[in-house]
Amino acid sequence: MSAPLQPRLDRAMSSVTIPPPECMLRPLEVPFRYLFGPGPSNVPPRVLAAGGRGIIGHLHPEMYEIMNDIKKGIQYAFQTQNNMTIAMSGSGHAAMECAVFNTVEPGESVLVAVNGIWGERVAEIAERMGANVHIMVKAPGGVFSNGEIEKALAKHKPVLFFLTHGESSAGLAHPVDGIGDLCRKHNTLFLVDTVASLGASPIFMDQQNIDILYTGSQKALNAPPGTAPISFNERACQKMFNRKTKPVSYLFDMAHLSNYWGNDGQPGLEESWRHHREVAGYLWKGLEDMGLKLFIQNKDLRLPSVTTIAIPEGYNWREMLQYIMKHHNMEMTGGLGPSTGMVSVRGVLKF
Ligand code: PMP
């Protein structure tokens, strides 16, 4: 006969040699901060409240309904009718890896436009999975002409070309028009990163012939981090589902994800672009009135959601950012990768 329950429980508890840490006995405290960095951004109360809803099972019919609604929302925000549209669990990096892992096989040629840190990252992701990576490089904030892109497409014959639409390390909104057509002509898939720009700066996935588009939840979409919307068109699906090898990641394998999402847009997107542009305009003017110089000089090329300020001569950027955080509770950052120390970066606060 087994021992009575209470003595068994006592014995099990006495075998705990590591006591509960004190921090687990205290309520969690999160200070209020104005998040002026290039993401995460402050989240409106309505969105915070949605995160506090009860949990349901991932196979419940209500869950599938919610997922269908999410998909319609992403199709609208991306301006696409692509059936293969999902929200991945994970930050923007998850979508970067998902896009590359699913559409490229080891040994295939990939072309990456590098004019800030995000191109560098995608080149590394593609290299790690064994792709034959070619890069086109410009200084942070540099713009690639369609002619330069076409020359590189013809030379390297890549299966995938990567471009960052909103280069948050430089504050650049890269023009996209015409590049999708060039990629089609050269039988290349066109992959665009809009993590820092979606909802702030216009993008039209279908009209601009973008084959794969992804973004992140915590920037202009004003949601908590941890979700990465991504969409693949027919051309991308053709390549993705006719591969000889399995993608290197199980978690990010679109064969599983598309199955789970059961793959099948309205008001406010133009208003969101207009709003970002208008608010950024006030910020740019205010900064220039203070005598500061903006890093991207051509107004039309400035990313409305991320403003980059050239570090004034004679100032230490780290000290400036620490001062702003300490005295004004404001987070700003000091550039990323190749732009580190050249700029300080802030997003646009929206409520
Ligand atoms: N791409 C761009 C353009 C970004 O700005 C970021 C985040 N700063 C990412 C990708 C990566 O997203 P996450 O931090 O959500 O992984």
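Residues numbered from 1 in each chain as written. Predicted model: local features only at pLDDT ≥ 70, side-chain atom pairs only at ≥ 80, totals over all residues. Heavy atoms only, no water.

Identification of the chain as Alanine--glyoxylate aminotransferase from Oncorhynchus mykiss is taken from an unreviewed UniProt entry. In the Cofactor (unreviewed entry) part of its UniProt record, the chain is described as follows: "pyridoxal 5'-phosphate". As its UniProt record puts it under Subunit (unreviewed entry), the chain is described as follows: "Homodimer." (UniProt positions renumbered as here; feature names shortened; annotations may be inferred.)

Caption draft 1: Structural view of the overall build of the chain. Regarding its fold elements, the chain presents eleven helices and 13 strands. Projected onto its principal axes, the C-alpha positions of the chain cover 85 × 55 × 40 Å. Looking at the chain residue by residue over its 351 residues, the buried ones come to 47%. For the chain, the accessible surface area stands at approximately 18,800 Å², while carbon and sulfur atoms represent 57% of it. Here the chain contributes 32 positively and 32 negatively charged side chains, and the mean placements of these two sets differ by 2 Å. (Helix = DSSP H or I, 4+ residues; strand = E, 2+ residues; numbered from the N terminus. Buried < 20%, exposed > 50% of the residue type's maximum accessible area, 1.4 Å probe, protein only. Areas by Shrake-Rupley, 256 points an atom, 1.4 Å probe, with all protein chains shown as cover. Lys, Arg positive; Asp, Glu negative; His and termini not counted. Charge placed at Lys NZ, Arg CZ, Asp CG, Glu CD.)

Caption draft 2: Up close: a nonpolar patch on the surface. On the surface, a nonpolar cluster with roughly 230 Å² of combined accessible area is contributed by Ile56, Ile66 and Ile70. Mapped onto the secondary structure, isoleucine 70 falls in helix H3 (residues 61-78). The partly exposed category is assigned to isoleucine 70, whose relative accessible area is 36%. (Patch = residues over 30% accessible without salt bridge, like charges linked within 9 Å, V, L, I, M, F, W, Y side chains within 5 Å. Salt bridge = Lys/Arg side-chain N within 4 Å of Asp/Glu carboxyl O.)

Caption draft 3: Structural detail: the pattern of salt bridges. Summed over all chains, the structure comprises nine salt bridges. A salt bridge links lysine 185 to glutamate 150; the nearest nitrogen and oxygen atoms lie 2.7 Å apart. With lysine 185 in helix H7 (residues 179-185) and glutamate 150 in helix H6 (residues 146-156), this residue pair connects regions lying 35 residues apart in the sequence. The class for glutamate 150 is partly exposed, based on a relative accessible area of 22%. Glutamate 288 serves as the salt-bridge partner of arginine 302, at 3.5 Å between the closest nitrogen and oxygen. Taken as a pair, arginine 302 in the loop between helix H10 (269-289) and strand E11 (306-310) and glutamate 288 in helix H10 lie far apart in primary sequence, 14 residues in all. Of the residues examined, arginine 302 reaches a relative accessible area of 6% and is grouped as buried.

Caption draft 4: Up close: the UniProt feature "modified residue: N6-(pyridoxal phosphate)lysine" (unreviewed entry) in the chain. In the numbering used here, UniProt assigns the "modified residue: N6-(pyridoxal phosphate)lysine" (unreviewed entry) feature to Lys219. Relative to the assigned elements, lysine 219 resides in the loop between strand E9 (212-214) and strand E10 (227-232). We classify lysine 219 as buried; its relative accessible area is 17%. Apart from the residues lying within four places of it in its own chain, the contact partners of lysine 219 are Pro38, Gly39, Ser41, Val195 and Ala196. (Contact = heavy atoms within 4.5 Å.)

Caption draft 5: Inspection of unusual backbone geometry at higher detail. Of note, the bond from glycine 39 into proline 40 is cis; its omega dihedral lies within 30 degrees of zero at 0 degrees. By the element assignment, proline 40 lies in the loop between strand E1 (34-35) and helix H2 (45-51). Of note, asparagine 187 is a non-glycine position whose phi angle comes to about 60 degrees, a positive value. Examined against the element boundaries, asparagine 187 turns out to sit in the loop between H7 and strand E8 (189-193). Under the relative-accessibility criterion, asparagine 187 is labelled exposed at 64%.

Caption draft 6: Broad picture of the pairing of strand E3 (residues 109-114). Here E3 lies mainly inside the structure; six of its six residues are buried. Side chains Ser109, Leu111 and Ala113 project from E3 onto one buried face, and the interleaved Val110, Val112 and Val114 project onto a second face that is buried too. Where E3 lies against strand E4 (residues 132-137), six bridges are found, and the strand directions are parallel. Each bridged residue has a counterpart across the sheet, and for serine 109 the counterpart in E4 is asparagine 132. In this view, the connection linking E3 to its parallel neighbour E4 by way of helix H5 (residues 117-128) has right-handed handedness. Note: E3 against strand E5 (residues 160-164), three bridges, orientation parallel. Bridge pairing in E5 links valine 112 to phenylalanine 162. (Pairing = 2+ DSSP bridges. Right-handed = clockwise from strand over helix to strand, strands pointing away.)

Caption draft 7: Structural detail: the packing of helix H4 (residues 92-103) against H5. Axis separation between H4 and H5 bottoms out at 10 Å; the angle between their running directions is 50 degrees. What the angle tells us is that H4 and H5 run oblique. As for the relative orientation of H4 and H5, their crossing is right-handed in sense. Contacts between H4 and H5 pair His93, Met96, Glu97, Val100 and Phe101 from the former with Trp118, Arg121, Val122, Ile125 and Ala126 from the latter. Here the residues of the contact of H4 with H5 sort into seven nonpolar, one polar and two charged. (Axes fitted to C-alpha atoms, helices over the stretch in contact; angles between N-to-C directions. Parallel < 35°, antiparallel > 145°, perpendicular 65-115°, else oblique. Left-handed = near helix turned anticlockwise from the far one by under 90°. Nonpolar A, V, L, I, M, F, W, Y, C, P; charged D, E, K, R; others polar.)

Caption draft 8: Structural view of the UniProt feature "domain: Aminotransferase class V" (unreviewed entry) in the chain. The feature "domain: Aminotransferase class V" (unreviewed entry), as given by UniProt, occupies residues 34-262 in the numbering adopted here. The annotated region residues 34-262 carries 36% helix and 19% strand content, and the separation between its end C-alpha atoms amounts to 39 Å.

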